[in-house]
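Below, each chain spelled out in residue letters.
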Amino acid sequence: METQRGEKEIEKRVKFAGKKEEFLRQGRSKLSTIQATPVKRLCNMHSTITVNGQFPGPTLEVNNGDTLVVKVVNRAQYNVTIHWHGVRQMRTAWADGPEFITQCPIRPGGSYTYRFTIQGQEGTLWWHAHSSWLRATVYGALVIHPKEGTAYPFPKPKRQTPILLGEWWDANPIDVIRQATRTGAAPNASDAYTINGQPGDLYKCSNQDTTIVHVDSGETNLLRVINSGLNQQLFFSVANHKFTVVGADASYVKPFTTSVLMLGPGQTTDVLITANQPPARYYMAARAYSSAQGAPFDNTTTTAILEYKAAPCPAKGVKINPAFPSLPAFNDTATATAFTSSFRSASKVQVPTEIDEDLFFTVGLGLNNCPAGASSSSCQGPNGTRFTASMNNVSFVLPSNFSLLQAHHQGIPGVFSTDFPSSPPVKFDYTGNVSRSLWQPISATKVYKLSYGARVQLVLQGTSIVTAENHPIHLHGYDFYILAEGFGNFNPQTDTSKFNLVDPPLRNTASVPVNGWSVIRFVADNPGIWLMHCHLDVHITWGLAMAFLVENGVTELEAVEEPPVDLPVC
Ligand code: C2O
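This is a predicted model, so every value here is computed, not measured.

What counts, and where the lines are drawn
Residues numbered from 1 in each chain as written. Predicted model: local features only at pLDDT ≥ 70, side-chain atom pairs only at ≥ 80, totals over all residues. Heavy atoms only, no water. Pairing = 2+ DSSP bridges. Helix = DSSP H or I, 4+ residues; strand = E, 2+ residues; numbered from the N terminus. Axes fitted to C-alpha atoms, helices over the stretch in contact; angles between N-to-C directions. Domains from an automatic or database assignment. Buried area = accessible area lost by both parts, 1.4 Å probe. Salt bridge = Lys/Arg side-chain N within 4 Å of Asp/Glu carboxyl O. Nonpolar A, V, L, I, M, F, W, Y, C, P; charged D, E, K, R; others polar. Buried < 20%, exposed > 50% of the residue type's maximum accessible area, 1.4 Å probe, protein only. Arc of directions from axis to C-beta. Polar contact = N/O pair within 3.5 Å; in protein donor to acceptor, adjacent residues only side chain to side chain. Core = buried A, V, L, I, M, F, W, Y, C linked by side-chain atoms within 4.5 Å. Contact = heavy atoms within 4.5 Å. UniProt positions renumbered as here; feature names shortened; annotations may be inferred. Phe/Tyr/Trp six-rings, centres within 6.5 Å; stacked < 30°, edge-to-face > 60°. Disulfide = S-S within 2.5 Å.

Undergrad: How do you make sense of the sheet that holds strand E7 (residues 111-117) when you look at a structure like this?
TA: In a beta sheet, neighbouring strands pair by backbone hydrogen bonds and run either parallel or antiparallel. On the basis of which strands lie adjacent, the open sheet formed by four strands has the order E3-E2-E5-E7 and mixed pairing. Each edge of the open sheet carries a strand with a single partner, namely strand E3 (44-51) and E7. The mean inter-strand angle of the sheet, taken between neighbouring strand axes irrespective of direction, is 35°. As paired elements, strand E2 (residues 32-41) and E3 share eight bridges and run antiparallel to each other. In the strand pairing of E3, proline 38 is matched with serine 47.

Undergrad: Would you take a moment to explain the domain arrangement of the protein chain for this structure?
TA: As a measure of interface size, the accessible area lost when the parts come together is often cited. Under the domain assignment used here, the protein chain contains domain 1 (1-150), domain 2 (154-344) and domain 3 (357-558). The centre of domain 1, based on its C-alpha atoms, is set 27 Å off from the matching centre of domain 3. Here domain 1 packs against domain 3, burying approximately 2,300 Å² in sum over the two surfaces, 57% of which is carbon and sulfur. Seen at the junction of domain 1 and domain 3, the total is two salt bridges. Residue aspartate 525 pairs with arginine 88 through a salt bridge whose shortest N-O separation is 2.8 Å. Of the residues in the side of domain 1 that touches domain 3, the class split is 11 nonpolar, 10 polar and five charged.

Undergrad: Teacher, can you tell me more about the pattern of salt bridges here?
TA: Pairing of side chains with opposite charge becomes possible as their charged atoms draw close. For the structure shown, the criterion picks out 13 salt bridges. The closest approach of N and O atoms between arginine 455 and aspartate 356, which form a salt bridge, is 2.9 Å. Here arginine 455 is found in strand E26 (residues 455-462), whereas its partner aspartate 356 is found in the loop between helix H4 (333-340) and strand E21 (357-369), with 99 residues between them in sequence. A residue is classified by how much of its surface remains accessible, and aspartate 356, at 43% relative accessible area, is partly exposed. Here the salt bridges share partners, and the residues they tie into one network are Arg159, Asp216, Glu219 and Lys309.

Undergrad: Would you take a moment to explain H4 for this structure?
TA: Because each turn of an α-helix spans 3.6 residues, side chains separated by three or four positions end up pointing in the same direction. Where H4 is concerned, the buried positions are Thr333, Ala336, Thr337, Phe339 and Thr340. Looking down the long axis of H4, one finds its buried residues gathered within 160° of arc, a one-sided arrangement. Sitting at the head of H4, aspartate 332 places a side-chain oxygen 3.3 Å from the backbone nitrogen of alanine 334.

Undergrad: What exactly am I supposed to notice about the sheet that holds strand E12 (residues 212-215) here?
TA: Sheet architecture is open: five strands sit in the order E12-E20-E19-E14-E17, paired in mixed fashion. One side of each edge strand has no neighbouring strand; the edge strands of this open sheet are E12 and strand E17 (261-263). Averaged over all adjacent pairs, the angle separating strand axes in this sheet is 25°, with direction ignored. In this structure, strand E14 (residues 233-238) lies alongside strand E19 (residues 281-289), joined through six bridges in antiparallel fashion. Following the sheet pairing, phenylalanine 236 is matched in E19 by alanine 286.

Undergrad: What am I meant to see in the nonpolar core here?
TA: Side chains of a nonpolar character, in soluble globular proteins, are inclined to be buried together. Grouped together as the largest cluster of nonpolar side chains are 106 residues, with contacts concentrated most on Phe361, Met532 and Phe548. With sequence-adjacent residues up to four places away left out, phenylalanine 548 is seen in contact with Leu359, Phe361, Tyr448, Leu450, Leu458, Leu475, Phe522, Gly528, Ile529, Trp530 and Met532. If you look at the next biggest cluster of nonpolar residues, it comprises 52 residues, including Tyr203, Val225, Val238 and Ala304.

Undergrad: Is there a simple way to think about the UniProt feature "domain: Plastocyanin-like" (unreviewed entry) in the protein chain in this case?
TA: Mapped onto this numbering, the UniProt entry annotates "domain: Plastocyanin-like" (unreviewed entry) at residues 34-148, 160-310 and 419-552. With 7% helix and 48% strand, residues 160-310 has end C-alpha atoms that lie 19 Å from one another. Between the C-alpha atoms that bound residues 419-552 the distance is 19 Å, and the span itself is 4% helix and 41% strand.

Undergrad: Mind showing me how you'd approach the pairing of strand E32 (residues 528-534) here?
TA: On a regular strand, one side chain projects to one face of the sheet and the next to the other, so that they alternate. Among the seven residues of E32, seven are classified as buried, and the element is accordingly described as predominantly covered. Side-chain alternation along E32 places Gly528, Trp530, Met532 and Cys534 on one buried face and Ile529, Leu531 and His533 on a second face that is also buried. Relative to E32, strand E27 (residues 471-475) is paired through three bridges, and the arrangement is antiparallel. For isoleucine 473, the partnering residue across the bridge sits in E32 and is cysteine 534.

Undergrad: So what exactly am I meant to see when it comes to the packing of aromatic side chains here?
TA: How two aromatic rings sit relative to each other is given by the distance of their centres and the angle of their planes. Under the counting rule described, the total for this entry stands at 27 aromatic pairs. Ring centres 5.1 Å apart and planes at 85° place the aromatic pair phenylalanine 339 and phenylalanine 343 in the edge-to-face group. Owing to a relative accessible area of 5%, phenylalanine 339 belongs among the buried residues under this scheme. Measuring from ring centre to ring centre gives 5.5 Å for phenylalanine 360 and tyrosine 430, while their planes differ by 40°; the resulting arrangement is tilted. Of the two residues, phenylalanine 360 is situated in strand E21 and tyrosine 430 in the loop between helix H5 (404-410) and strand E24 (442-444); the sequence distance between them amounts to 70 residues.

Undergrad: Got a minute to help me understand the state of the cysteines in this structure?
TA: Here, the word disulfide means a covalent bond between the sulfur atoms of two cysteines. One pass over the structure, following the stated rule, counts three disulfides. Between the sulfur atoms of cysteine 370 and its disulfide partner cysteine 379 the distance amounts to 1.9 Å. Handedness of the cysteine 370-cysteine 379 disulfide follows from its S-S torsion of about 75°: it is right-handed. Judged by its relative accessible area of 30%, cysteine 370 falls in the partly exposed class. Here the cysteine-cysteine linkages of the protein chain are recorded as 1-3, 2-6, 4-5, numbering only bonded cysteines and doing so in sequence order.

Undergrad: Help me understand the environment of serine 437 in this model?
TA: For serine 437, the position within the fold is in the loop between H5 and E24. With 84 residues separating them in the primary sequence, serine 437 and threonine 353 have C-alpha atoms 38 Å apart. Separated by 2.7 Å, the side chains of serine 437 and serine 435 make a polar contact.

Shown next, in the form of structure tokens:
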């Protein structure tokens, strides 16, 4: 019954790839096929892992309240899972997607059907592979329109355009991370950034295919900007135009005006842009916000073109370059911070004021000494070490024989322990000159248990170990309020005065400032196992993750549903 209703809903409302027919045809049997597809970028052809042969993958358009049924068929040579980034997945943790957390991977030749309902979320989310580095190319937008019969809290824009910022390697991304895992060194930075899959005019062999966004003079377009890049925070601007920010991570915000956005991987920002300039072509551009001092990064710039329909055609042989936006310097933390701290929820919100769980997690990098007997080729991190990363000195290790959720649900012992610490085992000057003896975390699969309904406050404290850096911390299965952020060590005596308890933004990914902290709150009202991690994939690879185990409540409606029959096993 549920299922049938679900599929009906989808027939009615979901447009996949903007082509209703195609979606419907695929809807029942093979909605999304993961497959290798030839993709040419930067003059070179690659066998790229895609969804339905499309790169980026298809845009899913739904309404708040819709139930989605998405069958994923894996015809690639790698294990894969799909994560619906930011979807709350109330009671449907089995459909969340991170491999070995809520499901075992879909093996080559296998399939799995994700079923879940969008509840109370409107704006822009996205979906991506959650297995190794496949999300470098396996990703797409998830556009959530207002509930049927309700309106946007702003004048309905004439057009809406997803803007997916991505990262491209002139190599197989899986090889890039495999090599880094072997050597212990940092993986190569990307070779290009992309807008809707295209690097744009500043890269070799690219300007024929630059993404073009059309506008009519005077009209307002809603840009749904998503940082779907792997490892890099990005600034984004459009020449001669300002943005009005109206939403982020599928929640509405109090509108504010800015000429530059900064998004960490995982974050989305909805902005209105009005075509109020002389009809012409204007560049939109994105490049790195790189907060880690001295670390190599991709310093290239991706572009697309905002083209007024009435833009005059240049006379024959005359080349008119579109105006170029001014982008902040790569290390412009002041601009990044001014932007991330401008967000307010659109209306007053219910922030928990009593706290049951007062948590403090350090987040940062580390270096493991070369294990005895290891070859030097496997210890090519700084000074013969291997890179690692941790929260509260625990470097997270994925299980391999069961998913955490399956182990929890079926009571299988030995897969994880529930002793993730609520505060760092050793207190130190987190953002100061940290003693070398504190650089090496332990490796383990530990979760932190929350009772159903617990009101949680969590201080995310960046560290300066190896290098301080802005970390986009993402929590699965929840949105959380960001009460405050700041630099240095969080001070519980004085920094609580900065808490916004009136209209803090509701997000699923917090940009924890470089050498600083963010304080978040949420109510543990969604049972299951929920991964929390840095959304820089290289940091997840190194262990910058943990998971919450949220227990079932008393009634059936407060418990995780039974697992789907086709749930992949390990
Ligand atoms: Cu967007 Cu754990 O992911």
